[in-house]
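# Descriptive structure summary
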Amino acid sequence: MRPIAKVLLILAVCLGAPRIEFGCAGTVAPLRVILDADLDSDVDDVGALAMLMNLHSRGLIELIGVVITSDDPFAPGCARVLLDHFGTKEIPIGFLKNQSRLTQHSRYTRKLVEEFSVTPMAWQSAEDAAPLYRKLLADSPDASVALITIGHLSSLQALLQSAPDAYSQLTGIDLAHQKIRRWICMGGQYPSGKEANFYRPDPASTLYCLEHWRGSALFCGWEAGNPILTGGSRLKELLPSRHPVYRAYQLYNDFHGRQSWDQLAVLQLLPIAEELFSRTRGRCVVAPDGSNHWQDDPAGNHQYIELPPDPAEYSRIAEMIDHLMAGEMPCGPGFHP
Ligand SMILES: [Ca+2]
């Protein structure tokens, strides 16, 4: 940490002020991250990807691939626009290709492709989701990858069901468990409920992934991201207007603010999340209709996050997320994965 930042942090702590300072750079080895997103109907996927690109561009993580689990044919091209804007043309994009029907239903994906692409990326040129997963994992050291899913789990199921191939002699399940150290999942409602990522459009994939996943999993439920409002006037002021993240939020609802379900999942990469959120250990049980309920178990390998008890903290978390989406970095060791 830079001396001035350290002084500011100490001052903030001493004064009991929850104020966040921004402008710090990272110094630690990067964690490898794969994002699996349904970049289409909602805009929080854009915010989550922007946060990851911020961390990646600072060397705090290494985003090794983005898997698009969506039926929007412009979603892969939109992801390409966002990644290219941050200068990361080398990050591969996967797409769930074996779908019977694709439908353009997003308020922003096609517009971003049309407005920002020199050569628009067609969905056909994206890699197929499961082979890309296999390639990325096979190229990674054991237990080195954090997987963040912020959409439905169809592509993850395809990975888990995949057979040995040229990338790896392991089955998909064995490859995933050998390489993925942490699975952070935006999905479900806790302690019980019915949330879209789990029940729409492919609840069978949720059931399959939850039944076959043997590693640790951290769930960020609907109720956690729901009161955290970002993407409003503050983000508008932080970003230049000629920016794909600015344009996505403008097209979505013209900066009227939006819940931060997906961004909370990305925030879990940072140590500060352990200070901000409590975690309950046990097991997430999913029904065939995609609804879920929680079973407490001190030895369980599932956890779900809970917001701080004081709602005043929500605005602090929202401020943090807006700045991270806008490419800024709060000061302090809690922001280094
Ligand atoms: Ca999402």
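## Let's talk about the packing of helix α5 (residues 129–138) against helix α7 (residues 172–179)
At a minimum axis distance of 10 Å, the contact between α5 and α7 shows a crossing angle of 45°. Taken together, the axis directions place α5 and α7 in an arrangement best described as oblique. Every pair of crossing elements has a handedness; the one defined by α5 and α7 is left-handed. Note on element contacts: α7 touches α5 through Gly172, Leu175, Ala176 and Lys179, opposite Arg134, Leu137 and Ala138.

## Some points on helix α9 (residues 203–212)
When we look at burial in α9, the residues that qualify are Pro203, Ser205, Thr206, Leu207, Cys209 and Leu210. Structurally, α9 contributes buried residues whose contacts are with α6 (154–160), α8 (196–199) and β11 (278–286).

## What to know about the sheet that holds strand β5 (residues 145–149)
Taken in spatial order, the 11 strands of this open sheet run β4-β3-β2-β1-β5-β6-β8-β13-β11-β12-β7, and their pairing is mixed. One side of each edge strand has no neighbouring strand; the edge strands of this open sheet are β4 (127–128) and β7 (192–194). Summarising the sheet, strand β1 (residues 31–37) and strand β2 (residues 61–68) pair through 7 bridges and their orientation is parallel. Each bridged residue has a counterpart across the sheet, and for Arg32 the counterpart in β2 is Glu62.

## Here's the deal with the nonpolar core
Ranked by size, the top nonpolar core spans 99 residues in total, and within it Leu52 and Ile68 carry the most contacts. Apart from residues no more than four positions distant in its own chain, Leu52 is found in contact with Val33, Leu35, Ile61, Leu63 and Val266.

## Description of the pairing of β11
The pairing of β11 with strand β13 (residues 302–306) spans 5 bridges and is antiparallel. Across the sheet, residue Arg279 finds its bridge partner in β13, namely Ile305. Across 5 bridges, β11 lies against strand β12 (residues 291–296) in antiparallel orientation. Each residue of the ladder has a partner; that of Cys284, found in β12, is Trp294. Connecting the antiparallel pair β11 and β12 is a turn made up of 4 residues, with Gly290 showing a positive phi of about 90°.

## As for the environment of Phe95
Looking at the element boundaries, Phe95 is found in strand β3 (residues 93–95). Not counting residues within four places of it along the chain, the set of residues in contact with Phe95 comprises Ile68, Pro76, Trp123, Ala126 and Ala129.

The rules behind these values
- Residues numbered from 1 in each chain as written.
- Predicted model: local features only at pLDDT ≥ 70, side-chain atom pairs only at ≥ 80, totals over all residues.
- Axes fitted to C-alpha atoms, helices over the stretch in contact; angles between N-to-C directions.
- Helix = DSSP H or I, 4+ residues; strand = E, 2+ residues; numbered from the N terminus.
- Parallel < 35°, antiparallel > 145°, perpendicular 65-115°, else oblique.
- Left-handed = near helix turned anticlockwise from the far one by under 90°.
- Contact = placed C-beta atoms within 7 Å.
- Buried ≥ 20, exposed ≤ 12 C-beta atoms within 10 Å, placed from the backbone.
- Pairing = 2+ DSSP bridges.
- Core = buried A, V, L, I, M, F, W, Y, C linked by C-beta atoms within 7 Å.

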